[in-house]
Amino acid sequence: MSLAAHLYHQSYTVGDLCLTQLLDGAVEHRPAHAFFGVNAGAAEFNALSKQEGVSTDAFSFPATASLIDGDGERILVDAGHGPKGAPRAGRLPIALEQAGIAPESVSHVLITHLHRDHIGGLLDANGNPVFTQARHWVSPLETAYWRGPASGTPTAAAVKVLTAALGQKLSYITPGDELVRGVHIVDSAGHTPGHFCVMLNSAGEQLLIASDLVNHPVWSMLRPRWSMSLDVDAIIAAATRIRLLGKLADEAIPLAGYHMPFPAIGRVVREDEGFRYLPGWP
């Protein structure tokens, strides 16, 4: 494995694949306990936060998309906040330009789930598709949820606009599928019903593009049973975190985490009842 670093993008090799991490930016939320550890008591949440030196007030919520080059294809995984994002987010176009990647060169877009900070960058300010030559892939369970049980929500409205704009560019993909050689779809339901991760497996090397499997390097890792406010099914989400983080730790597979600090690459090791995130290239 090797890497090359720049301001808004950082590239790695995973076997015969090239992975480029693209910084979309960050938003700030507060208070932390309204978003993380919502099934934990305040004293427990505050104690862990103090132990780890993280604020229980405001916290930064970064977003980093991933782009895979391999097997003659260029695959973007998620697309950031887009033009309607917060002032410090929606910078994926800058990252792509700095990396020398033209939007029309992207052949596939994998949409891990349909939360707005993952799909906002798929349409431009006029509501037109940004990645004009790409086939866009999403889980059928994901679209069914936002069209059914979650219809009428702001996210469902954004999903309706997106799917209408994409039209025939939108296709379905399910866990177990291999999009192209070495790029596998992994079930990670819980955060949303159709949430998936992407496992890269090439020339004996692996890396998991984890999307929202974990959303914070401390609260989601050291206490994987703690829920995030945006988890649709908190019980399934916790079980999924424990299962997949255990695999990463036991098999020494690196993680690319959408909401981890840029460049959002690190390792996972077991620690007490949970896991510790160790940032940096293995």
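These numbers were taken from a predicted model, which means no experiment stands behind them.

A.B. asks: Account for the overall build of the protein chain, with residues named and values stated.
C.D. replies: For the protein chain, the count of helices and strands is seven helices and 15 strands. Based on the C-alpha atoms only, the size of the protein chain along its principal axes is roughly 50 × 45 × 35 Å. The buried share of the protein chain, reckoned over its 282 residues, is 53%. Considering only intrachain contacts with a sequence separation of at least 6, the fraction spanning at least 24 residues in the protein chain is 70%. With the model as given, the accessible surface of the protein chain reaches about 11,700 Å², and the carbon-plus-sulfur share is 53%. In the protein chain, 20 side chains carry a positive charge and 27 a negative one; their mean positions are 4 Å apart.

A.B. asks: A description of the side chain of S107 should follow, citing residues and the corresponding values.
C.D. replies: Topologically, S107 is positioned in the loop between α2 (92-98) and β6 (108-110). Only 2.8 Å separates the side chain of S107 from the side chain of E73, close enough to count as a polar contact. Every residue in contact with S107, bar those within four places of it in the chain, is listed here: E73, R74, Q133, A134 and R135.

A.B. asks: If you had to explain the sheet that holds strand β12 (residues 205-211) to someone new, which residues and values would you point to?
C.D. replies: Spatial ordering of the open sheet is given by β9-β10-β11-β12-β13-β14-β15, a layout of seven strands whose pairing is mixed. If you trace the sheet from one side to the other, it starts and ends with β9 (178-180) and β15 (274-279), each paired once. Each adjacent strand pair in this sheet contributes to an overall mean axis angle of 35 degrees, direction not counted. Sheet topology places strand β10 (residues 183-187) next to strand β11 (residues 196-202); five bridges connect them, and they run antiparallel. Residue V183 lies in a different strand from β11, and its bridge partner there is L200. The strands touched by helix α7 (residues 234-251) are β10, β11, β12, β13 (255-257), β14 (265-271) and β15; relative to β14, the strand with the most contacts, the crossing angle is about 100 degrees.

A.B. asks: Would you mind going over α7 in detail, with residue names and values included?
C.D. replies: With 18 residues, α7 should reach 26 Å at 1.5 Å per residue; the first-to-last C-alpha distance of 26 Å fits that figure. For α7, the capping residue at the N-terminal end is D233, with a side-chain oxygen 3.3 Å from the backbone nitrogen of I235. Downstream of α7 by one or two residues, A252 has phi in the positive range, about 55 degrees.

A.B. asks: So what's going on with unusual backbone geometry? Which residues, and what values?
C.D. replies: Looking along the chain, the bond that leaves R30 and enters P31 is cis, with omega of -15 degrees. Tracing the backbone through its elements, the reader meets P31 in the loop between β3 (17-29) and α1 (42-52). Cis geometry is found at the peptide bond from F262 to P263, where omega equals 10 degrees. Structurally, P263 is set in the loop between β13 and β14. The backbone phi angle of S211 is positive, close to 50 degrees, even though this residue is not glycine.

A.B. asks: Just give me the short version of the nonpolar core, but keep the residues and values in it.
C.D. replies: Counting 29 residues, the largest nonpolar core has L76, L92, V109, I111, L114, L122 and F131 as its most contacted members. Those elements that place two or more of their residues in this core are β3, β4 (59-70), α2, α4 (140-147) and α5 (154-166). Examining the composition of this core, we find that four residues originate from one element, α5, more than from any other. Not counting residues up to four positions away in its chain, the partners in contact with V109 are L76, L122, F131, A134, R135, H136 and W137. Core analysis: the next-biggest nonpolar cluster, separate from the first, contains 22 residues, Y12, I173, V180 and V183 among them.

A.B. asks: Any chance you could break down the packing of aromatic side chains for me, citing the residues and the numbers?
C.D. replies: Within this structure, the stated rule accounts for ten aromatic pairs. Aromatic side chains F36 and F61 sit 6.3 Å apart centroid to centroid with 70 degrees between the ring planes, which places their arrangement in the edge-to-face category. Of the two residues, F36 sits in the loop between β3 and α1 while F61 sits in strand β4, which places them 25 residues apart along the sequence. The burial state of F36 is the same as that of F61; both residues are buried.

A.B. asks: Break down the environment of I209 for me, citing the residues and quoting the values.
C.D. replies: Take I209: it is sitting in strand β12. The sequence separation of I209 and I265 amounts to 56 residues, and the corresponding C-alpha distance is 9.2 Å. In this structure I209 touches L19, S66, I68, V77, C197, V198, L200 and A256, once residues within four positions along its chain are discounted.

Quick notes on the rules
Residues numbered from 1 in each chain as written. Predicted model: local features only at pLDDT ≥ 70, side-chain atom pairs only at ≥ 80, totals over all residues. Heavy atoms only, no water. Helix = DSSP H or I, 4+ residues; strand = E, 2+ residues; numbered from the N terminus. Buried < 20%, exposed > 50% of the residue type's maximum accessible area, 1.4 Å probe, protein only. Contact = heavy atoms within 4.5 Å. Areas by Shrake-Rupley, 256 points an atom, 1.4 Å probe, with all protein chains shown as cover. Lys, Arg positive; Asp, Glu negative; His and termini not counted. Charge placed at Lys NZ, Arg CZ, Asp CG, Glu CD. Polar contact = N/O pair within 3.5 Å; in protein donor to acceptor, adjacent residues only side chain to side chain. Pairing = 2+ DSSP bridges. Axes fitted to C-alpha atoms, helices over the stretch in contact; angles between N-to-C directions. Expected span 1.5 Å × (residues − 1). Core = buried A, V, L, I, M, F, W, Y, C linked by side-chain atoms within 4.5 Å. Phe/Tyr/Trp six-rings, centres within 6.5 Å; stacked < 30°, edge-to-face > 60°.

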